[in-house]
Each structure stands twice: as structure tokens, then as C-alpha cells.
Amino acid sequence: PGDTLMLHFQQLSLLLLLLLPGPPPAPSMEDSTFPHLGESSQPPPRACPLRCSCPQVDTVDCAGLDLWVFPDNITKAARHLSLQNNQLQELPYNELSRLSSLWTLNLHNNLISSEGLPDEAFESLTQLQHIYMGHNKLSVAPQFLPRSLRIADLAANQVMEIFPLTFGEKPTLRSVYLHNNQLSNAGLPPDAFHGSQAVTTLSLSSNQLSYVPPSLPSSLERLHLQNNLISKVPRGALSHQTQLRELHLQHNQLTDSSLDATTFSKLHRLQYLDLSHNQLTEVPRGLPRTLVVLHLGRNRIQRVTAAQLHGALGLRYLLLQHNQLGVAGLPAGALRPLRGLHTLHLYGNRLDRVPQGLPRHLQVLVLPHNRVVALGARDLAALRGLKELNLAYNQLASSRVHRRAFRPLRALRSLDLTGNRLTRLPTGLPASLHTLRLQHNQLQALEPEVLAGLDQLQELILAHNRLRVGNIGPGTWHELQALQVLDLGHNELSFVPPDLPMALEELHLQGNRISHVGPEAFLSTPRLRALFLSANRLHMSSIAPEAFLGLPYLHVVDTTGNPEPVLVKLPHTGPRWPRAGGS
């Protein structure tokens, strides 16, 4: 009986094993997630505010959605939140305080006012590094921004006041943008940047400052103060900014008495100084030796002396356009100590001759809109390294330009004599020329001897003169083997000049008296790409059908403004009616 009972017990145990559910089967090798029974193999969807995108776990992009309300359901893990280009008017503290992991907050171009920004709005954002609130409606800056901040942009608001802890006590703060606001000196506290000695860029342009603020960070490298009402730089205001490289003071109300010999003297790394559009009558003294660019345009400067520029011996770009420099404005040798000067800009003064004693290594001399009436044999002789000379819109007559005036300029690449009173091409042009501009003169003839040797010339502009085909000497174009652009527009040509240069790619003949284009007009210019024949005397049948057959690269033909529409047949297309500027 005991053996029988044992047998029944074994059979009952086996039956229970078959009926009761056992452990779940082991997952297959393909299932790396090991899901629990009944769960999906797909990861749960990432929480993201409605209509926004969340391309990464820590990034939420709600830009440009026309949002009026701050979105909810933003993950606490967000480090980068973009809300620019919406209609937000306020920032709810409860929503912002949750986002303590934020590094970047972009609120650019909304409608946020100071009333819609709680004082404690950002106090929980202890990791915030970049805040962009430009183009809103703030009338005062936030009272507190996080200590972790690196970049703060509050530009283009209506800010009239900032506070000590807006930008103060921020040891890693590098860039502050406050331009296009309504800040006066009263709204900028003396300790505005106390404890923030890593700031390298500060933009206060287009505000209402009346003097350069004191106590600016000594770490500054770029300071923008243009477009203010600044009439004074207090003594010592810039004495601690020894790292400054760029200083922008243009479009202010500075006079000679606003500055003294110490104003810039401590700026031992200054490279760029813009004082244009002020009321200076002389060059400021005490300029640092490191200065590379000095912009003094649009002032009232009447005279420049060597003593004024004594300290700025490293100057390379001197811009003096639109001042009142007259006959004695630049005494001979005044700029000679500036041995490294590269560019001298004298546009729109009252000079009656090219200044003498200029630095020998000068490469660019810009003198348009002065009163220069003559060029002597030695006026340019010292400028052997000159590459660009602009004498446009002066009073030069051919009879007063010496035949050897340009000969010493062996490195010259660009010569602009536009808008003078020349009746013939100057002689002795340097063979190095690439561009020659002579439009708006009184040229009546072209002689091949004058253009001989200009085998590097690529662009020749002769528009708005009095040239006729009969006064263009045979062989005139022969030596211009590199010429690619020729502008003969608005002259008195009655047909296309023959034997044009083979390399020509662009030919301007608009505004002439051309009434016929023969089949051989462009045989010498197989590389022509653009042809301008507008405003001539062409009729429907004025252009020979074969005229363009040898021009495989021609894509632009302009025949507008003629007495009749002109049908043009290009070699790679069918006949068409050209539009302005196109084929």
C-alpha cells in the first residue's frame, strides 16, 4: 500500500506541473531589450510640447510657431530651449523654475515686457550659459541673471535701466549685447560689471549715452559705442582697458575738447579705432603704436600733421574721406613716418594736387571728388609700390597730365580717371594695369600707341565719352590680348568697331548710334558671353542672321530700347525676342 500511495503522489505532481504555468521563456538573442511579458519592444515616446520638435533628448524647439502662451510639458532634462519668433508676452515663473538644467534659452523676437518678466524669473536656472532676449519690449533689464552666464543678448528692446546683478558677479560672462535700446548714463550703474572681469565684447551702440561710461570691464577686447550722444570721454575712462582691440565711437558728438593726449594712450593693444561722423577738426593725439585702422571720415579736419600721428607708427589704413583738407591740409611729408601705410582714403576733400611725401610702400590711394587739376612728372614718382589709384571726379585736363606721370607706377593694377576732363588717353600707362576706367570724360579718339604694351589689361571702361568708330585708330585693340570686358556704351559709334580683342567676354555698346550689325561683326571675339546693344537705332532686320554663328558661349544679348523689337538667333538656341539683360 505504501508503494501504491507513493506512485499516486508522483503521478499527481507530474499532472500539476503540466497544468500550472511555468516561468516565462528565455528571450531570444535578437531581443536585446528583454521586455517583460505583455510590453511592447518599442521605447516609450519622448515627451514634447504640442507642435514643437524635440530632435534630441535635451533639445526643445518651439521657434516660429506664433505661440502666445509659454508651452507646458517641457522636459526637465532640456538644456536647449528655442522660443524665438513667437508672440509671447510673459514668462511664467512656475514653468521656468522647473527647467534648472537649461544651458541655452532663446526668446529672441517676442513681445515680452518687463511687466511679464518676474524678478525671480531666472534664479532657478543655475546652469544657464546663453540667454537671447533681443527684439522684445523690455523697459528695464532683468534684475538678476544667473552667475553661470556666458552670453547675454538684450539688444533692440526699450531698456532704460540695468541693475548691479544683471551683468555683475558673472565670472564667466564673455559677451553682452545692449545695442538699440534707450540707455542713458543714469541707467547704467557704476558697478554694472563688478565681478565680471571676463567680458570681452560689449555693445552699447545706438543708445542715449552722453559720455563713455566709467568702470567698464578691464578685460574688454571689443567695445561698441557708436550712434550715441557722446560728447566727452572722461579722463581715465579707458585707462584700464589695456586688452581693447576694437573701439567704435563713430556717429557721436565728439569735438577736439572731448579728447586729450591720454584718452587712448593706455590702449596698448588697440588695432581698430573708428571716430568717423563726429565734429573733430584735428587728428587726436596720443594714438597707440599698435593701431592698424584709423577711421576719421566725415569730420571737420582741416590739417593733418606728422606730430599728430607720431605715436601711430604701425598704422596701415588711414581713412580721411569727407573732411575739409585743402591746399595745405596735408603738408609734404606729413604721412611719411607711417612707413607701413597700405591705404590712404581722401575721398571728398578739397585737395588741388596729389599729396607729396607719401609713404613709399603705399598700395592704395583713393582721391576721388577733390579738386586735383594737374599731374606732374614727379607727383607719383615715389609711389612705386602703388597698386590702386583712384582720381575719379577731379578736374584733370589732358593738357595738364604729364606724359610720364604714370610711368613710375610699375605695380599699378587699377587706375580710375572717371569723371575728369580728359580729351585723350593718358600716355605712359604702366604695363601692369588690369583695370582702366575712363568713363564720363571727353575722349574723342583712341590711338594704338597709347594702349601698346597693356597686355595684362582685363577691363577697359570708356563709356560716356565722344568716341566715333572713325576716330579709333587701326590696331588699337591689337595689343589688348587679355581684355575681357570692354565698355563703349553711350558714345557716338555708328557700327560695331572691327578687330576687337579675341579674349573679350563682355561687350557694352548700349546708347550709341548703331543701326546695323553685319555678319562679320564678331568674327574676332569667339569667347563673347554677354553683348549689350540696347538704346541704339536697330530695327527688326538690322542684325544679320549670321552675326552670332561663331559665338558658342554667347548667353546674354540685350537689344531693348531700340526703335523696333529685334529678333536674335543665338547659335545654341532658336530665334527669340531678347529681354533686358537676357537672351
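Just above, that's the structure.
Report on the accompanying structure. As the structure is a prediction and not an experimental result, all values here were calculated from the model.

Before going further, it helps to examine the pairing of strand β1 (residues 53-56). Examined bridge by bridge, β1 and strand β2 (residues 59-61) share two bridges and lie antiparallel to one another. Residue pairing across strands places S53 opposite D61, the latter belonging to β2. As consecutive antiparallel partners, β1 and β2 are separated by two residues.

Turning next to the environment of D119. Within the fold, D119 resides in the loop between β4 (104-106) and β5 (130-132). Linking D119 and L145, residues 26 residues apart in sequence, is a C-alpha distance of 9.7 Å. Beyond its immediate stretch of four places on either side in the chain, D119 contacts Q143 and F144.

With that out of the way, let us pick up the pattern of salt bridges. Under the defined criterion, the tally for this structure stands at seven salt bridges. Among the ionic pairs, E492 bridges to R468, the shortest N-O distance being 2.8 Å. Taken together, the residues span a long stretch of sequence, with E492 in the loop between β20 (485-487) and β21 (506-508) and R468 in the loop between β19 (459-461) and β20 at a distance of 24 residues. E505 is the partner of R529 in a salt bridge, and the nearest nitrogen-oxygen pair spans 3.9 Å. In this pair, R529 sits in the loop between β21 and β22 (530-532) while E505 sits in the loop between β20 and β21, placing the two residues 24 residues apart along the sequence. The exposure class assigned to R529 is partly exposed, which follows from its relative accessible area of 42%. Residue classification places E505 among the partly exposed positions, given a relative accessible area of 27%.

With that settled, the discussion passes to the state of the cysteines. According to the stated counting rule, one finds two disulfides in the structure shown. Two residues share a disulfide in this structure: C48 and C54, whose sulfurs sit 2.1 Å from each other. Residues C48 and C54 are joined by a disulfide whose S-S torsion is about 90 degrees; by sign, that bridge is right-handed. On the accessibility criterion, C48 (24% relative accessible area) is partly exposed. Each sulfur of the disulfide joining C52 and C62 lies 2.1 Å from the other. Across the disulfide from C52 to C62, rotation about the S-S bond amounts to roughly 110 degrees, and the bridge is consequently right-handed. Here C52, found in the loop between α1 (2-19) and β1, pairs with C62, found in the loop between β2 and β3 (80-82); they are 10 residues apart in sequence, far enough to count as distant. Assessed through its relative accessible area of 13%, C52 is described here as buried.

The rules behind the values
- Residues numbered from 1 in each chain as written.
- Predicted model: local features only at pLDDT ≥ 70, side-chain atom pairs only at ≥ 80, totals over all residues.
- Heavy atoms only, no water.
- Pairing = 2+ DSSP bridges.
- Helix = DSSP H or I, 4+ residues; strand = E, 2+ residues; numbered from the N terminus.
- Contact = heavy atoms within 4.5 Å.
- Salt bridge = Lys/Arg side-chain N within 4 Å of Asp/Glu carboxyl O.
- Buried < 20%, exposed > 50% of the residue type's maximum accessible area, 1.4 Å probe, protein only.
- Disulfide = S-S within 2.5 Å.

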